[in-house]
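Given next are the chains, with one letter for each unit.
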Amino acid sequence: MVEHLPEYIDPLALADKHRQFKGVLPLSKMARMQDVLLHKDGEVTFELKFGKDGKYAVVTGMVEADLVLQCQCCMGPIPWSVRDSVSLAVVASIDEANLLPDSYEPLLLEQGKIPLSDIVQEELLLAVPTIPQHEQCEVSVAKDNKPKPEVSGRPNPFAVLAKLKK
Ligand SMILES: [Zn+2]
């Protein structure tokens, strides 16, 4: 089994101590992911390293998950593999977030402690489309010829599907 993970963490204190966490979290803990997920029973593997970069407390590492998103057009499955590196900097306000170097996404910390799962969830939310849709959804092709959602740089969902069917 996985080592015990704290439910709530203090990112600033962990950054001072250069702590690292590795583990697995159920997707069911990711409340804000539920809308885009068709299969809600998967897991997310993650590795988070807390540290300092100049004046910023930063979180780096990896999140990995094999998700099945729900196409918002035909309601069918979209296999979606996430293998993303984490690069977050802790900020106290939106103003501070706007000053961050491009290499970091802001992690807004409004109170001392946040759920560890929130960090993993934030990262997953960055890695999936806000409105998942098949690249060539049969419903949308039949309905109209709107431009396809931007998906460049992401794994082709059909390639992943082909792999799963083997
Ligand atoms: Zn579809």
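Since this is a predicted model, take the numbers as computed values, not measurements.

Next up on the list: the coordination of the zinc ion. All of the protein donors around the zinc ion are Cys71 (SG), Cys74 (SG), His134 (ND1) and Cys137 (SG); their distances to the metal are 2.0 to 2.3 Å. Donor residues for the zinc ion, ordered by position in the chain, follow C-x2-C-x59-H-x2-C. Of the two residues, cysteine 71 is situated in the loop between strand E4 (56-70) and strand E5 (77-91) and cysteine 137 in the loop between helix H3 (116-127) and helix H4 (138-143); the sequence distance between them amounts to 66 residues. Residue classification places cysteine 71 among the buried positions, given a relative accessible area of 0%.

One open sheet holds the 5 strands; their spatial order is E2-E3-E4-E5-E6, and the pairing between them is mixed. Looking at which strands have only one partner, the edges of the open sheet turn out to be strand E2 (20-26) and strand E6 (105-108). Neighbour-to-neighbour, the strand axes of this sheet turn through a mean angle of 30 degrees, independent of strand direction. Across 9 bridges, the pairing between strand E3 (residues 43-53) and E4 is antiparallel. Looking across to E4, one finds that lysine 52 is bridged to alanine 57. Contacts between H3 and the sheet are confined to E2, E3, E4, E5 and E6, with E5 contributing the most and set at about 120 degrees to the helix.

Before going further, it helps to examine the environment of serine 93. Tracing the backbone through its elements, the reader meets serine 93 in the loop between E5 and helix H2 (94-98). C-alpha separation for the pair serine 93 and proline 106, spaced 13 residues apart in sequence, amounts to 9.3 Å.

Residue position: serine 87 is located in strand E5. Counting along the chain gives 28 residues from serine 87 to valine 59, while the straight-line C-alpha distance between them is 5.9 Å. One polar contact links the side chain of serine 87 to the main-chain carbonyl oxygen of serine 103, over a distance of 2.9 Å.

Between its terminal C-alpha atoms H3 stretches 18 Å, which fits the 16 Å expected from 12 residues at 1.5 Å a residue. When we look at burial in H3, the residues that qualify are Leu116, Ser117, Ile119, Val120, Gln121, Glu123, Leu124 and Ala127.

Here is what the cut-offs are and how they apply
Residues numbered from 1 in each chain as written. Predicted model: local features only at pLDDT ≥ 70, side-chain atom pairs only at ≥ 80, totals over all residues. Heavy atoms only, no water. Donors = N, O, S within 2.8 Å, 3.2 Å for Na, K, Ca; no water. Helix = DSSP H or I, 4+ residues; strand = E, 2+ residues; numbered from the N terminus. Buried < 20%, exposed > 50% of the residue type's maximum accessible area, 1.4 Å probe, protein only. Pairing = 2+ DSSP bridges. Axes fitted to C-alpha atoms, helices over the stretch in contact; angles between N-to-C directions. Contact = heavy atoms within 4.5 Å. Polar contact = N/O pair within 3.5 Å; in protein donor to acceptor, adjacent residues only side chain to side chain. Expected span 1.5 Å × (residues − 1).

Purely geometric numbers; function is a separate question.
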